[in-house]
Amino acid sequence: MAEKILLDEVIPAREYTSLILHRGEILRVIDLEGKQVADLVAFNATDKGEKLSCVYSNLLNGTWKLTKGHTLYSNRARPMFSIIEDKVGLHYSGGGFCSEEINFLRFNVRNTRNCADNLTLAFKPHGIQRQDFDFDCCFNIFMNLTFQPDGSMKLQEPLSKPGDYIDLKSEMDCIIAISNCPQDRNPCNGFNPTPLQIKVFGIIS
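We now turn to the structure provided with this report.

Thoughts on the pairing of strand E2 (residues 16–21)
Two faces belong to every sheet, and in a regular strand the side chains alternate between them. With burial as the criterion, only one face of E2 is covered, namely that bearing Thr17, Leu19 and Leu21; the residues Tyr16, Ser18 and Ile20 on the opposite face remain uncovered. Examined bridge by bridge, E2 and strand E12 (residues 174–180) share six bridges and lie antiparallel to one another. Residue pairing for E12: Leu19 is matched across the bridge by Ile176.

This is the structure we're talking about:
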């Protein structure tokens, strides 16, 4: 078996992209400089009522620490992605993404770059609108937000180092949007948003 590179793209800091990933293809998300989060939202390419679900993924895997060997499920409890490689081992699967509204409440700043706007723009060519995706369908790759014994949540800088990556094998044809998180007012991206790289591999027999 051999792999053929079908897509190789760098997403600049604070920007976004979208793509179609066919069943059996592998999406690799690479942190080029380290400590950078990618917000990923996915829909079934032929039925936009079906989308990624963090709640179901956590429930069906029996853990919120989703990594190599785990499966990401849809809101219909069907496999969407298999995590076949993971060089970091810590991501956030509680759902959610930064937005204009939440940035204002947290930081009292208007007109910030945010993942909600990025994802909306990324999905526009595919006919998917902001009201079509919610917090549950966003997997925060490389994000270091953990739950503490007292019930609190702690946001820290990502553990990812330059060149670290995660590989997601698609279990159905998907429309994917990725926001290269622009947040620079908390440790989410080490206070310094940087580029990401994505590659798509096809398997050649």
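Structure shown, so let's carry the discussion forward.
Focus on the pattern of salt bridges
It is possible for side chains bearing opposite charge to pair when their charged atoms get close. Following the criterion strictly, the structure yields eleven salt bridges and no others. The closest approach of N and O atoms between Glu15 and Arg113, which form a salt bridge, is 3.3 Å. Of the two residues, Glu15 is situated in the loop between strand E1 (2–11) and E2 and Arg113 in the loop between helix H2 (100–107) and helix H3 (115–123); the sequence distance between them amounts to 98 residues. By relative accessible area, which is 37% here, Arg113 ends up partly exposed.

Overview of the nonpolar core
If you look at the biggest cluster of nonpolar residues, it comprises 48 residues, and the most contacted ones within it are Leu27, Val29, Leu40, Phe81, Phe133, Ile176 and Ile178. If near-sequence neighbours (up to four positions away) are discounted, Phe133 is found in contact with Val41, Phe43, Lys51, Phe97, Ala116, Leu119, Thr120, Phe123 and Ile128.

Some points on the packing of aromatic side chains
Tallied over the entire structure, the rule returns six aromatic pairs. Ring geometry for Trp64 and Phe147: centres 5.2 Å apart, planes at 85°, overall edge-to-face. Placement of Trp64 in the loop between helix H1 (54–61) and strand E6 (71–73) and of Phe147 in strand E9 (residues 144–147) is noted, with a sequence separation of 83 residues between them. Judged by its relative accessible area of 38%, Phe147 falls in the partly exposed class. Its end group placed over the ring of Phe133, Arg130 keeps NZ or CZ at 4.9 Å from the ring centre.

So, the pairing of strand E11 (residues 164–170)
Across the seven residues of E11, six count as buried, placing the element largely inside the fold. As defined by bridge partners, strand E7 (residues 79–86) adjoins E11 across five bridges and the pair is classed as antiparallel. The partner of Glu85 across the bridge, within E11, is Asp167.

Comments concerning the state of the cysteines
This structure, assessed with the given rule, holds zero disulfides. Here Cys54 stays unpaired: no disulfide links it, and the sulfur of Cys138, its closest cysteine neighbor, is 6.7 Å away. Free of any disulfide, Cys137 has its nearest cysteine sulfur in Cys138, 7.1 Å distant.

Conventions we followed
- Position labels on residues start from 1 in each chain and follow its written sequence.
- With the structure being a predicted model, the display of local features is reserved for residues of pLDDT at least 70 and the display and counting of side-chain atom pairs for 80 or more, all residues being used for whole-chain, interface and lining totals.
- Note that the side-chain values use all heavy atoms of the structure and ignore hydrogens as well as water.
- Per-residue accessibility, obtained with a 1.4 Å probe over protein chains only, is compared with the maximum for each type, and a residue is labelled buried under 20%, exposed over 50%, and partly exposed between these values.
- Strands are runs of DSSP state E lasting at least 2 residues, helices are runs of H or I lasting at least 4, and numbering of each runs from the N terminus.
- Each pair of strands is called paired provided DSSP finds at least two bridges between the two strands.
- By convention in these notes, a salt bridge is any Lys or Arg side-chain nitrogen within 4 Å of a carboxyl oxygen on Asp or Glu.
- Throughout, nonpolar core names a set of buried Ala, Val, Leu, Ile, Met, Phe, Trp, Tyr and Cys residues whose side chains join them through atoms within 4.5 Å.
- Residue contacts are counted whenever heavy atoms from the two residues lie within 4.5 Å of one another.
- Stacked, tilted and edge-to-face pairs are distinguished by plane angle, under 30 degrees for stacked and over 60 for edge-to-face with tilted covering the rest, among Phe, Tyr and Trp rings (Trp via its six-membered ring) whose centres lie within 6.5 Å.
- Comment: the charge-over-ring label is applied if NZ (Lys) or CZ (Arg) is within 6 Å of the ring centre and within 35 degrees of the ring normal.
- Note on disulfides: each one is a pair of cysteine sulfur atoms within 2.5 Å.

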